[in-house]
Structure formats: structure tokens, C-alpha cells
Amino acid sequence: MPFVTTKEMFKKAYEGHYAVGAFNVNNMEIVQGIVDAAKEEESPLILQVSAGARKYAKHSYLLHLVEAAMEDTGLPIALHLDHGADFDICKACVDGGFTSVMIDGSKYPFEENIKLTKRVVDYAHNKGVVVEAELGKLAGVEDAVKVNTKDATYTDPDQAVEFVERTGVDSLAIAIGTSHGAYKFKGKPELDFARLEKITNMLPGFPLVLHGASTVIPEFVAECNKYGGKLAGAQGCPEDMLKKAGTYGVCKINIDTDLRLAMTASIRKYLYEHPEDFDPRSYLGKGREAIKMMVAHKMRDVLNSSHRL
Ligand SMILES: O=C(CO)COP(=O)(O)O
Ligand SMILES: O=C[C@H](O)COP(=O)(O)O
Ligand SMILES: [Zn+2]
Ligand SMILES: [Zn+2]
């Protein structure tokens, strides 16, 4: 059973005003927790693998885990490369069975980003694989950015239109105030919805992607801290903002940090409460359960992707 691309998923999500969750996977328990939730929720699903994950899991292990998960559940799953840094890693994933790749040329000047993205699009489309690109800069973007710096780092709507036309890319990650990791905002969380609305209107029917979209669920942060962790000041994107983003052109919402927090919080708690236990299946099993519950909650209450298969 082959992986599916995101084409149909995005079309349905766009028309239904909801978003599909793209979850980062790094090991078996993470894959199983996510997939079990999707099965229960009857939700479309994208599993994504970063360069770091590929390296950690020694390349093809994750591919085979996701294959096994798909066979086991019968779910249509899209396998996506997250933040491909250059043509070669995208090519390796296209050739290696992924159905979607991201080429992240956001750090390059506009013309260079277009050139690199177009090269990946040409290669991938020829093999039936879809491509996500990125325009605008996410890293380090916080609520303290001023209007003029916002214009320099957030996605410019006119450029977005030109970028999509000239590259033929299938989806586009945009910068509107989110950022990766557990420390997204210093003060009050804020996203530039006016910009998102403008980009949506200027690219009707075109799927947008929101990176850095974890909520940094406060209960998990508190649990980590209670059982020996040190995560002072962690803060993410509030759920209502993510819900709202899904009603615009955003069809894919990327989540990694919340998976890490769910797993770490539950393992910390378990080990603290069971100091005599040293069986990895005990605590990794707890991590898997916590991930399943968290992902099911996202699908149901945030992405609005439950019962959409
Ligand atoms: O964007 C992401 C992966 O590409 C993950 O974002 P978070 O760090 O907010 O989970
Ligand atoms: O966008 C970043 C993702 O959270 C992946 O993180 P990673 O590169 O540490 O695997
Ligand atoms: Zn990026
Ligand atoms: Zn990302």
C-alpha cells in the first residue's frame, strides 16, 4: 500500500475550512501514538521527518515504521520531508519513497529561493511527489518585532503570489508570527491575521502551511517542571489562534514541540513515581499513550480534522 500525497487532503481541508496536522516522528512510540489517534479520530494525517530525525533513526528506519503503521491501520498517510535544506536531501527522499518534500530556501534571497524551489519542484513533480516551500522567516520572530522588522521577516503577500506562480510549488509555508520550539512569545501571543487574510485572498484555493504551531500545552510544561524539568517561560500558540488559521488558507499545521512535551512530561512523571522500574517499555509506553491523547485532542478540538476521511 503506497503513501498518499497531500493533494486530495489539502483540497478537502481547504474546502472544509479545517487543517491537517503534520506531526514530526522520531521513533516507534511517536509514530504509533500519532497513528492510533488518527485511526480513532478518522482523521487525515501527515507524518513528517526532519533531517535530524533521518539521521537519528538512521535514514530508512522511519520510512519502514510509517509503512508498518499504514499497513496496520489502513489509514491513508502522507510521508513528508520537513525543512529540506538543499536539493540533494529532497532528491534522496523523493527517490526513497516520500510523497511530499519541503525545500526550505527561506534563508536565501528571493530569486535564489525561487531557483532552488523550482529545481526541486521539477524533479519531484516528475516522480509524482508534491513540494512545500517557505517564504518569510520564522526563526527568532517574537511578539516584540516592530512593524518595519515585521515587513522584513513576515511573508510579503505580493511576493507570495509571484513565488507560487514562478515555482509551481504545491503549498507554501508562511511567516505570520509563529516560531519553532517551546519559547514562541515573550509577552502576549500575537499572529498577523491581517497578513494571513491578505495572502489567502490573493492565492485563492492555494494551501498555506503554518510552521511552529505547537501550543506548548501548559499542563505538560507544568508536569515537566514538577518532576525535575526546567522549562521556565515556555509559551506557544493559543488553540483559538490555530483554529482561526485553519479557517483561512492554512491547510497544514506543523506540530513537533507538543509531541516532545507530552512524551517527556509523562516519562518524567512515570520514572519519578516508579523509581524501581527500569523497563523501557513501561515509560516509553506511557509516552506513547500521552502522545495519542494529545494528538486526538488536536484533531478533534484544534485542527477540526476528525471524521474527515
Ligand atoms: O514547524 C514545526 C516543524 O516543521 C514544528 O513546530 P513546533 O516547534 O511549534 O512544534
Ligand atoms: O522544525 C523543526 C522540527 O521541530 C524538527 O526538529 P529537529 O530538526 O530537531 O528534528
Ligand atoms: Zn524555515
Ligand atoms: Zn517547521
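Residues numbered from 1 in each chain as written. Chains lettered and ligands numbered in written order. Predicted model: local features only at pLDDT ≥ 70, side-chain atom pairs only at ≥ 80, totals over all residues.

Draft legend 1. Spotlight on the nonpolar core. If you look at the biggest cluster of nonpolar residues, it comprises 96 residues, and the most contacted ones within it are Val25, Ile34, Leu47, Val66, Val101 and Leu172. Sort the elements by how many residues they give to this core and helix H13 (residues 280–303) lands first, with nine residues. (Core = buried A, V, L, I, M, F, W, Y, C linked by C-beta atoms within 7 Å. Buried ≥ 20, exposed ≤ 12 C-beta atoms within 10 Å, placed from the backbone. Helix = DSSP H or I, 4+ residues; strand = E, 2+ residues; numbered from the N terminus.)

Draft legend 2. Fine view of helix H5 (residues 87–95). Buried within H5 we find Cys90, Cys93 and Val94. An end-on view of H5 places all buried positions within 100° of arc, on one side of the element. The outward face of H5, more than 90 degrees from its buried face, is lined by the exposed residues Asp88 and Asp95. Residues of H5 that are buried make contact with strand S3 (77–84), strand S4 (100–103) and helix H6 (110–126). Just beyond H5, the residue with positive phi is Gly97, at close to 110°. (Arc of directions from axis to C-beta. Contact = placed C-beta atoms within 7 Å.)

Draft legend 3. Quick peek at the pairing of strand S2 (residues 45–50). Of all six residues in S2, five are buried, a share of seventy percent or more. Of the strand pairs in this sheet, strand S1 (residues 20–24) and S2 are connected by three bridges, and their pairing is parallel. Residue pairing for S2: Phe23 is matched across the bridge by Leu47. You can see the chain leave S1, run along helix H2 (residues 28–41) and come back into S2, and the turn it takes is right-handed. Here S2 runs beside S3; their pairing, made up of six bridges, is parallel. For Leu47, the partnering residue across the bridge sits in S3 and is Leu79. (Pairing = 2+ DSSP bridges. Right-handed = clockwise from strand over helix to strand, strands pointing away.)

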